[in-house]
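What follows is the residue order along each chain.
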Amino acid sequence: DTEKFKNNKIKTLYIDPIQILFPARIIREKGFIELFETCLILWKEGYRFQLNIAGEIDLENKSTLTQNEINDISMNKNINFYGKVIDMKSIYSKTDIVVLPSWREGLSKSLIEAASMSLPIIATDVPGCKEIIENKQSGILIPLKNKFLLKKAIKKLIQNPKLGINYGIKAREIVKNKFEVTHINNKILELYKQILSIT
(Lines give C-alpha, C1' and ligand atoms only; values in the text may rest on other atoms or scores of the structure.)
Protein backbone atom coordinates (compact mmCIF):
# COMPACT_ATOMS: atom_id res chain seq x y z
CA ASP A 1 0.00 0.00 0.00
CA THR A 2 2.01 2.95 -1.29
CA GLU A 3 -0.34 5.43 0.36
CA LYS A 4 0.23 3.86 3.77
CA PHE A 5 3.98 3.40 3.26
CA LYS A 6 4.76 6.91 2.14
CA ASN A 7 7.25 9.51 3.33
CA ASN A 8 5.32 12.77 3.36
CA LYS A 9 8.52 14.79 3.68
CA ILE A 10 11.54 13.78 1.62
CA LYS A 11 14.69 14.39 3.67
CA THR A 12 17.58 16.43 2.35
CA LEU A 13 20.00 15.16 5.02
CA TYR A 14 20.39 12.08 7.16
CA ILE A 15 19.59 12.02 10.87
CA ASP A 16 22.58 12.45 13.22
CA PRO A 17 23.71 9.85 14.09
CA ILE A 18 22.73 8.04 10.91
CA GLN A 19 20.09 5.36 11.45
CA ILE A 20 20.65 2.06 9.64
CA LEU A 21 17.87 -0.53 9.73
CA PHE A 22 18.08 -4.32 9.49
CA PRO A 23 14.41 -5.36 9.00
CA ALA A 24 14.46 -9.14 9.46
CA ARG A 25 14.73 -12.02 11.91
CA ILE A 26 18.17 -12.30 13.46
CA ILE A 27 19.52 -15.44 11.82
CA ARG A 28 22.57 -16.23 9.71
CA GLU A 29 20.55 -16.72 6.52
CA LYS A 30 19.43 -13.09 6.64
CA GLY A 31 23.09 -12.07 6.48
CA PHE A 32 23.08 -10.67 9.99
CA ILE A 33 26.59 -11.84 10.96
CA GLU A 34 28.09 -10.27 7.82
CA LEU A 35 26.33 -7.01 8.64
CA PHE A 36 27.31 -7.05 12.32
CA GLU A 37 30.98 -7.76 11.59
CA THR A 38 31.03 -5.05 8.92
CA CYS A 39 29.49 -2.54 11.32
CA LEU A 40 32.12 -3.36 13.95
CA ILE A 41 34.84 -2.41 11.45
CA LEU A 42 33.08 0.81 10.45
CA TRP A 43 32.59 1.86 14.08
CA LYS A 44 36.29 1.26 14.70
CA GLU A 45 37.05 3.47 11.69
CA GLY A 46 35.08 6.28 13.32
CA TYR A 47 31.81 6.17 11.38
CA ARG A 48 28.87 7.39 13.48
CA PHE A 49 25.67 5.43 13.00
CA GLN A 50 23.14 3.40 14.92
CA LEU A 51 22.20 -0.11 13.81
CA ASN A 52 18.52 -0.73 14.50
CA ILE A 53 17.13 -4.26 14.33
CA ALA A 54 13.43 -4.79 13.65
CA GLY A 55 13.15 -8.54 14.08
CA GLU A 56 13.31 -11.27 16.65
CA ILE A 57 16.13 -13.65 17.51
CA ASP A 58 14.78 -16.89 16.02
CA LEU A 59 16.09 -19.57 18.40
CA GLU A 60 14.15 -22.32 16.62
CA ASN A 61 15.76 -21.69 13.25
CA LYS A 62 18.63 -23.94 12.14
CA SER A 63 20.74 -20.85 11.34
CA THR A 64 20.17 -19.13 14.67
CA LEU A 65 23.08 -17.38 16.39
CA THR A 66 25.09 -18.82 19.24
CA GLN A 67 24.49 -17.49 22.76
CA ASN A 68 27.93 -15.83 22.72
CA GLU A 69 27.08 -14.02 19.47
CA ILE A 70 23.76 -12.88 20.93
CA ASN A 71 25.55 -11.60 24.05
CA ASP A 72 28.12 -9.67 21.99
CA ILE A 73 25.39 -8.03 19.95
CA SER A 74 23.23 -7.22 22.98
CA MET A 75 26.11 -5.47 24.76
CA ASN A 76 26.98 -3.18 21.85
CA LYS A 77 25.95 0.41 22.62
CA ASN A 78 25.54 1.21 18.91
CA ILE A 79 22.76 -1.35 18.43
CA ASN A 80 19.04 -0.97 19.19
CA PHE A 81 16.80 -4.04 19.38
CA TYR A 82 13.18 -3.35 18.52
CA GLY A 83 12.23 -7.02 18.49
CA LYS A 84 9.08 -7.92 16.55
CA VAL A 85 7.50 -4.72 15.23
CA ILE A 86 3.83 -4.37 14.26
CA ASP A 87 3.98 -0.75 13.09
CA MET A 88 6.90 -0.87 10.67
CA LYS A 89 6.03 2.49 9.13
CA SER A 90 7.06 4.24 12.36
CA ILE A 91 10.45 2.50 12.16
CA TYR A 92 10.99 3.32 8.49
CA SER A 93 10.16 6.97 9.16
CA LYS A 94 13.14 7.16 11.57
CA THR A 95 15.51 5.36 9.18
CA ASP A 96 18.14 6.67 6.78
CA ILE A 97 19.45 3.48 5.15
CA VAL A 98 18.06 -0.07 5.00
CA VAL A 99 20.48 -3.01 4.79
CA LEU A 100 19.44 -6.62 4.18
CA PRO A 101 22.36 -8.86 3.08
CA SER A 102 20.11 -11.93 2.98
CA TRP A 103 21.23 -15.23 1.46
CA ARG A 104 17.81 -15.75 -0.11
CA GLU A 105 14.30 -14.29 -0.03
CA GLY A 106 10.89 -15.21 -1.43
CA LEU A 107 10.05 -11.61 -2.28
CA SER A 108 11.07 -9.34 0.57
CA LYS A 109 8.04 -7.46 1.85
CA SER A 110 10.24 -5.38 4.14
CA LEU A 111 12.30 -4.17 1.16
CA ILE A 112 9.16 -3.30 -0.79
CA GLU A 113 7.85 -1.32 2.18
CA ALA A 114 11.21 0.42 2.69
CA ALA A 115 11.41 1.32 -1.01
CA SER A 116 7.84 2.65 -0.87
CA MET A 117 9.00 4.88 2.01
CA SER A 118 11.68 6.35 -0.32
CA LEU A 119 14.57 4.79 1.57
CA PRO A 120 17.90 3.80 -0.02
CA ILE A 121 18.54 0.07 0.25
CA ILE A 122 21.60 -2.15 0.28
CA ALA A 123 20.76 -5.80 -0.41
CA THR A 124 22.32 -8.92 -1.86
CA ASP A 125 22.04 -9.75 -5.54
CA VAL A 126 19.82 -12.78 -4.91
CA PRO A 127 16.25 -13.73 -5.87
CA GLY A 128 13.72 -11.90 -3.76
CA CYS A 129 15.92 -8.81 -3.46
CA LYS A 130 17.12 -8.09 -6.99
CA GLU A 131 13.51 -7.93 -8.26
CA ILE A 132 12.98 -4.89 -6.02
CA ILE A 133 16.29 -3.04 -6.31
CA GLU A 134 17.80 -1.70 -9.52
CA ASN A 135 21.53 -1.63 -8.81
CA LYS A 136 22.97 1.90 -8.65
CA GLN A 137 19.57 3.29 -9.61
CA SER A 138 17.36 2.70 -6.57
CA GLY A 139 19.90 1.12 -4.23
CA ILE A 140 23.00 -1.05 -4.17
CA LEU A 141 23.14 -4.80 -4.81
CA ILE A 142 26.17 -6.67 -3.52
CA PRO A 143 27.36 -10.26 -4.02
CA LEU A 144 26.32 -12.83 -1.45
CA LYS A 145 28.43 -12.96 1.76
CA ASN A 146 30.81 -10.29 0.49
CA LYS A 147 31.71 -8.20 3.56
CA PHE A 148 34.23 -6.09 1.63
CA LEU A 149 31.61 -4.82 -0.82
CA LEU A 150 29.00 -4.56 1.94
CA LYS A 151 31.34 -2.23 3.83
CA LYS A 152 32.04 -0.26 0.65
CA ALA A 153 28.30 0.15 -0.04
CA ILE A 154 27.49 1.31 3.50
CA LYS A 155 30.38 3.81 3.42
CA LYS A 156 29.22 5.10 0.04
CA LEU A 157 25.72 5.87 1.30
CA ILE A 158 26.94 7.29 4.61
CA GLN A 159 29.30 9.64 2.79
CA ASN A 160 26.78 10.62 0.08
CA PRO A 161 23.40 11.41 1.65
CA LYS A 162 22.18 13.10 -1.54
CA LEU A 163 22.88 9.92 -3.52
CA GLY A 164 21.01 7.84 -0.93
CA ILE A 165 18.03 10.17 -1.00
CA ASN A 166 17.95 10.04 -4.83
CA TYR A 167 18.06 6.22 -4.67
CA GLY A 168 15.10 6.32 -2.29
CA ILE A 169 13.03 8.52 -4.59
CA LYS A 170 13.71 6.15 -7.51
CA ALA A 171 12.94 3.12 -5.30
CA ARG A 172 9.45 4.47 -4.59
CA GLU A 173 8.81 4.98 -8.30
CA ILE A 174 9.70 1.33 -8.96
CA VAL A 175 7.40 0.10 -6.19
CA LYS A 176 4.52 2.19 -7.49
CA ASN A 177 5.00 0.77 -11.00
CA LYS A 178 5.60 -2.88 -10.07
CA PHE A 179 4.30 -3.66 -6.59
CA GLU A 180 1.52 -1.21 -5.71
CA VAL A 181 -1.32 -3.22 -4.16
CA THR A 182 -4.10 -2.11 -6.52
CA HIS A 183 -1.86 -2.86 -9.51
CA ILE A 184 -1.17 -6.38 -8.19
CA ASN A 185 -4.86 -6.96 -7.36
CA ASN A 186 -5.86 -5.97 -10.89
CA LYS A 187 -3.32 -8.41 -12.36
CA ILE A 188 -4.71 -11.21 -10.16
CA LEU A 189 -8.29 -10.43 -11.24
CA GLU A 190 -7.22 -10.40 -14.87
CA LEU A 191 -5.56 -13.79 -14.41
CA TYR A 192 -8.74 -15.23 -12.88
CA LYS A 193 -10.76 -13.89 -15.82
CA GLN A 194 -8.40 -15.60 -18.26
CA ILE A 195 -8.65 -18.91 -16.40
CA LEU A 196 -12.44 -18.73 -16.19
CA SER A 197 -12.73 -17.97 -19.90
CA ILE A 198 -10.73 -21.13 -20.70
CA THR A 199 -12.76 -23.50 -18.50
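Structure: see above.
Values in this document were obtained by computation on a predicted structure and should not be read as measured data.

Engineer: Mind showing me how you'd approach the layout of surface pockets here?
Structural biologist: Over the atoms rolls a probe the size of a water molecule, and its path tells where empty space is left. Computed from the structure, the largest pocket encloses a volume of approximately 370 Å³. The wall of the largest pocket is formed by 19 residues, among which Pro-23, Ala-24, Arg-25, Ala-54 and Ser-110 lie closest to the centre. Looking at the lining of the largest pocket, the elements that each hand over two or more residues are helix 3 (88-92) and helix 4 (109-116). Broken down by element, the residue count for the lining of the largest pocket peaks at three residues, all from helix 4. Tallied by class, residues from the lining of the largest pocket come to eight nonpolar, four polar and seven charged.

Engineer: What exactly am I supposed to notice about the side chain of Glu-34 here?
Structural biologist: Position of Glu-34 relative to the elements: it lies in helix 1 (residues 32-44). In this structure Glu-34 is buried but unpaired, with Lys-145 as the nearest side chain of opposite charge at 6.3 Å. A polar atom in the side chain of Glu-34 sits 2.9 Å from the side chain of Trp-103. What Glu-34 contacts, discounting residues up to four positions off in sequence, is Arg-28, Pro-101, Trp-103, Lys-145, Lys-147 and Leu-150.

Engineer: Just to check I follow, could you spell out helix 4 for this structure?
Structural biologist: Along helix 4, seven of the eight residues are buried, which leaves the element largely enclosed by surrounding structure. Among all positions of helix 4, only Ser-110, Leu-111, Ile-112, Glu-113, Ala-114, Ala-115 and Ser-116 are buried. Contacts made by the buried residues of helix 4 are with helix 3, strand 4 (97-100), strand 5 (121-124) and helix 6 (161-178). One or two positions beyond helix 4, positive phi appears at Ser-118, with a value near 65°.

Engineer: Hey, could you run me through the packing of helix 1 against helix 5 (residues 147-159) in this one?
Structural biologist: Relative orientation and spacing of two packed helices are given, respectively, by the angle between their axes and the distance between those axes. Between helix 1 and helix 5, whose axes approach to 10 Å, the crossing angle comes to 60°. Taken as axis vectors, helix 1 and helix 5 run oblique relative to one another. Note on packing geometry: the crossing formed by helix 1 with helix 5 is right-handed. Of the residues in helix 5, those in contact with Glu-34, Leu-35, Glu-37, Thr-38, Ile-41 and Leu-42 of helix 1 are Lys-147, Leu-150, Lys-151, Ile-154 and Lys-155. The residue makeup of the contact of helix 1 with helix 5, split by class, is five nonpolar, one polar and five charged.

Engineer: Help me understand the environment of Lys-130 in this model?
Structural biologist: Residue position: Lys-130 is located in the loop between strand 5 and strand 6 (139-142). Note on Lys-130: relative accessible area 41%, which makes it partly exposed. Sequence separation of Lys-130 and Ile-154 is 24 residues, and the distance between their C-alpha atoms is 17 Å. Ignoring anything within four residues of it in the chain, the contact list for Lys-130 reads Thr-124, Asp-125 and Leu-141.

Engineer: What exactly am I supposed to notice about the pairing of strand 2 (residues 49-53) here?
Structural biologist: In regular strands, side chains alternate between the two faces of the sheet. Counting buried residues in strand 2 gives five out of five residues, a clear majority hidden from the surface. Side chains Phe-49, Leu-51 and Ile-53 of strand 2 all project onto a buried face; the interleaved residues Gln-50 and Asn-52 project onto the opposite face, where all are buried too. Here strand 1 (residues 18-22) pairs with strand 2 via five bridges, running parallel. By the bridge assignment, Leu-21 is partnered in strand 2 with Asn-52. Handedness of the crossover joining strand 1 and strand 2 through helix 1 is recorded here as right-handed. In terms of strand pairing, strand 2 meets strand 3 (residues 79-81) through three bridges, oriented parallel. Considered in strand 3, the bridge of Leu-51 is made with Ile-79. The β-α-β motif built from strand 2, the intervening helix 2 (residues 67-74) and the parallel element strand 3 has right-handed crossover chirality.

Thresholds, definitions, all that
- Residues numbered from 1 in each chain as written.
- Predicted model: local features only at pLDDT ≥ 70, side-chain atom pairs only at ≥ 80, totals over all residues.
- Heavy atoms only, no water.
- 1 Å grid on protein atoms, 1.4 Å probe; cavity = no way out; pocket = protein on both sides within 12 Å on 5 of 7 lines; lining within 4 Å.
- Points joined across faces, edges and corners; volume = space filled by probe spheres on them.
- Helix = DSSP H or I, 4+ residues; strand = E, 2+ residues; numbered from the N terminus.
- Nonpolar A, V, L, I, M, F, W, Y, C, P; charged D, E, K, R; others polar.
- Buried < 20%, exposed > 50% of the residue type's maximum accessible area, 1.4 Å probe, protein only.
- Lys, Arg positive; Asp, Glu negative; His and termini not counted.
- Salt bridge = Lys/Arg side-chain N within 4 Å of Asp/Glu carboxyl O.
- Polar contact = N/O pair within 3.5 Å; in protein donor to acceptor, adjacent residues only side chain to side chain.
- Contact = heavy atoms within 4.5 Å.
- Axes fitted to C-alpha atoms, helices over the stretch in contact; angles between N-to-C directions.
- Parallel < 35°, antiparallel > 145°, perpendicular 65-115°, else oblique.
- Left-handed = near helix turned anticlockwise from the far one by under 90°.
- Pairing = 2+ DSSP bridges.
- Right-handed = clockwise from strand over helix to strand, strands pointing away.

Fair warning: the whole summary comes from geometry, so function is off the table for now.
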